[in-house]
Amino acid sequence: PPFPHTPHHAPTHPAPSPPSPAQLVAAVRYPAVRTYCEVGFNGGHTAAAVLASTDGVRVISFDSAAYGDHTVRNANWLAEVHPNRFRFVVGESTAT
């Protein structure tokens, strides 16, 4: 094996499916939720859904902004539409 501590046949388990936007929106609608953080904004679809479907939840999105102009453009638009509820943090999520 490439590493002495790695078994030849590691057990494989299917990766859990990410929650759907509808599941996330349902989760952030609980009264105790005040802030929703996400790693990976990309086009901002989930952030937009959370902001549009809640009144007081703040969204903080972390993204490297490395995959196209649409990321920053959409983040700027959400910040304009929801000025006190949306924050976009550019950079590697392990460092920001």
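Heads up: the structure comes first, above all this text.
Residues numbered from 1 in each chain as written. Predicted model: local features only at pLDDT ≥ 70, side-chain atom pairs only at ≥ 80, totals over all residues. Heavy atoms only, no water.

Student: Just give me the short version of the environment of Ser 53, but keep the residues and values in it.
Tutor: Relative to the assigned elements, Ser 53 resides in helix 2 (residues 45–53). Placed 25 residues apart in sequence, Ser 53 and Val 28 show a C-alpha to C-alpha distance of 9.0 Å. Apart from residues lying up to four places away in sequence, Ser 53 is in contact with Val 25 and Arg 29. (Helix = DSSP H or I, 4+ residues; strand = E, 2+ residues; numbered from the N terminus. Contact = heavy atoms within 4.5 Å.)

Student: Can you explain the side chain of Asp 63? Please cite residues and give values.
Tutor: Along the polypeptide, Asp 63 turns up in strand 2 (residues 58–63). Buried charge without a partner: Asp 63 forms no salt bridge, and the closest opposite charge is Arg 73, 13 Å away. Of the polar contacts made by the side chain of Asp 63, one reaches the backbone nitrogen of Ala 65; its length is 2.6 Å. Non-local contacts of Asp 63, meaning those with residues more than four positions away in its chain, are made with Gly 40, Phe 41, Asn 42, Thr 71, Phe 88, Val 89, Val 90 and Gly 91. (Buried < 20%, exposed > 50% of the residue type's maximum accessible area, 1.4 Å probe, protein only. Lys, Arg positive; Asp, Glu negative; His and termini not counted. Salt bridge = Lys/Arg side-chain N within 4 Å of Asp/Glu carboxyl O. Polar contact = N/O pair within 3.5 Å; in protein donor to acceptor, adjacent residues only side chain to side chain.)

Student: So what's going on with the packing of aromatic side chains? Residues and values would help.
Tutor: Applying the stated rule across the entire model yields 2 aromatic pairs. Centroid distance Phe 41 to Phe 86: 5.7 Å. Interplanar angle 45°. Geometry classified as tilted. You can see Phe 41 sitting in the loop between strand 1 (35–39) and helix 2 and its partner Phe 86 sitting in strand 3 (residues 86–90), a full 45 residues away along the chain. Among the aromatic side chains, those forming a connected cluster through ring pairs are Phe 41, Phe 86 and Phe 88. (Phe/Tyr/Trp six-rings, centres within 6.5 Å; stacked < 30°, edge-to-face > 60°.)

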